[in-house]
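# Geometric and topological summary
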Amino acid sequence: MTYVIHGATGAQGAPVVAALASAGKAVTAVSRDEHAVVNGARVVSAAYSSPADLTEAYRGAAGVFVHLPVAAEEDRRLFADNILTAVRAAQPGRVVFSTSGFPIDPAIGGAAAALAAGLADSGVSHAVVAPELYLENLLMPFVLGSIRERGVLPYPIRADFPVSWASHLDIADAVAALFDRPDLAGAVSVGQYPAITGPDLAEAFGARLGRDVVFEPITPEEMRTSVAPLLGEGPAAGIAEAYRMMSTMAGRSITPETSAQKLLGLHPRTTSQWLADVGL
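The notes below deal with the structure included here.

If you look at the biggest cluster of nonpolar residues, it comprises 32 residues, and the most contacted ones within it are L138, L153, Y155, I157, W165 and F205. Listed by contribution, the elements that provide at least two residues to this core are α5 (141-150), β8 (152-155), α7 (198-209), α8 (220-231), α9 (233-246) and α11 (271-277). Residue contacts for F205: discarding those within four places in its chain leaves L138, L144, I147, L153, V213, W274, L275 and L280.

Bringing the packing of helix α2 (residues 51-58) against helix α3 (residues 73-90) into the picture now. Packed helices, taken two at a time, are described by the angle between their axes plus the distance between the axes. Contact geometry of α2 with α3 gives a least axis separation of 8 Å together with a crossing angle of 40 degrees. Judged by the inter-axis angle, α2 sits oblique to α3. Here α2 runs over α3; the crossing is right-handed. Along its contact with α2, which presents P51, L54, T55 and Y58, the element α3 presents N82, I83, T85, A86, V87, A89 and A90. Residue composition of the contact of α2 with α3, grouped by class: eight nonpolar, three polar and no charged.

Our focus in this paragraph is the packing of aromatic side chains. Ring pairs (aromatic) are described by centroid distance and by the angle formed between their planes. Tallying each qualifying case throughout the model produces five aromatic pairs. Taken together through their ring pairs, the aromatic side chains of Y155, W165 and Y243 make up a single cluster.

Here we come to the sheet that holds strand β2 (residues 26-31). The parallel open sheet is built from seven strands, whose spatial order is β3-β2-β1-β4-β5-β6-β10. Of all the strands in the sheet, just β3 (42-45) and β10 (187-190) have a single pairing partner and so form its edges. Geometrically, the sheet is characterised by an average inter-axis angle of 20 degrees between neighbouring strands, direction not taken into account. Two strands pair when backbone bridges link them, and strand β6 (residues 126-131) and β10 are joined in this way by four bridges, in the parallel orientation. If you follow V128 over to β10, its bridge partner there is A187. Where helix α4 (residues 111-120) meets the sheet, it contacts β5 (95-98) and β6, and its direction lies at approximately 165 degrees from that of β5.

Let us look at unusual backbone geometry. Going from Y193 to P194, the amide bond is cis rather than trans, its omega being 0 degrees. Tracing the sequence through the fold places P194 in the loop between β10 and α7. Although it is not a glycine, Q91 adopts a positive phi angle of roughly 55 degrees. Along the polypeptide, Q91 turns up in the loop between α3 and β5. Although it is not a glycine, S100 sits at a positive phi angle of roughly 60 degrees. Positionally, S100 belongs in the loop between β5 and α4. Accessibility expressed as a relative area gives 18% for S100, which makes it buried.

So, about the side chain of T2. Looking at the secondary structure, you find T2 in strand β1 (residues 2-6). The exposure class assigned to T2 is buried, which follows from its relative accessible area of 16%. Among the polar contacts made by the side chain of T2, one reaches the side chain of T28 at a distance of 2.9 Å. Beyond its immediate chain neighbours, meaning those up to four positions away, T2 contacts A26, V27, T28, A61, A62 and G63.

So, how was this worked out
Residues numbered from 1 in each chain as written. Predicted model: local features only at pLDDT ≥ 70, side-chain atom pairs only at ≥ 80, totals over all residues. Heavy atoms only, no water. Core = buried A, V, L, I, M, F, W, Y, C linked by side-chain atoms within 4.5 Å. Buried < 20%, exposed > 50% of the residue type's maximum accessible area, 1.4 Å probe, protein only. Helix = DSSP H or I, 4+ residues; strand = E, 2+ residues; numbered from the N terminus. Contact = heavy atoms within 4.5 Å. Axes fitted to C-alpha atoms, helices over the stretch in contact; angles between N-to-C directions. Parallel < 35°, antiparallel > 145°, perpendicular 65-115°, else oblique. Left-handed = near helix turned anticlockwise from the far one by under 90°. Nonpolar A, V, L, I, M, F, W, Y, C, P; charged D, E, K, R; others polar. Phe/Tyr/Trp six-rings, centres within 6.5 Å; stacked < 30°, edge-to-face > 60°. Pairing = 2+ DSSP bridges. Polar contact = N/O pair within 3.5 Å; in protein donor to acceptor, adjacent residues only side chain to side chain.

Encoded structure:
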């Protein structure tokens, strides 16, 4: 049987494909482009907007890895509903869902929360990977360009805001492990612990690049204008709103009791290890 991976040509799915393929597992990549080429996987064409496509892709699968794409919240809600429809119809062996840092608290609501709750009621073995913020966000041109050109790391969080940062590579490690651990259900937190601050990130970049780097808090609106050319105005506005909500929080640290460190014996990369892994 095969493992069906969403976003297999993207930042989150590609490392999952690589991790599973290197373990000798059969992998099926889900793509909107039927002509896509994914090393280590066969490709099937399926769209989040089609429950029928998803059901066909999931049927007979040993496992399914899914995450909701960056899109308008209305679209993400539709995609979550379609995924749940397909999971209930196809009954794959196991589903692992990455929240991509979106909240899954029912009191907060949203597409990610609806998908997590629906999986819990589906009768299908499942687990939820719950990162906080991705280190790969720091590779966006407006961040990395500023680091290289000005020695300044700009990001829309306070300087004293602690975050359990994680890499997409850490997510892939957790997903691969969870496919082999059907005894584990519910949310597994993935990220550095103890959490670190913006100046800690800047220090790691400085040490890696051999120059002084300082952290500079920016506003969510500045974030929106910086990412809109890459993602589009709708998704950029949604991201800015998420960071506005984040500004009211004390921090984004994982809970040790539900961490990948405790539950899976996995230790996410430090910022310095991640920088070496991505070749900076």
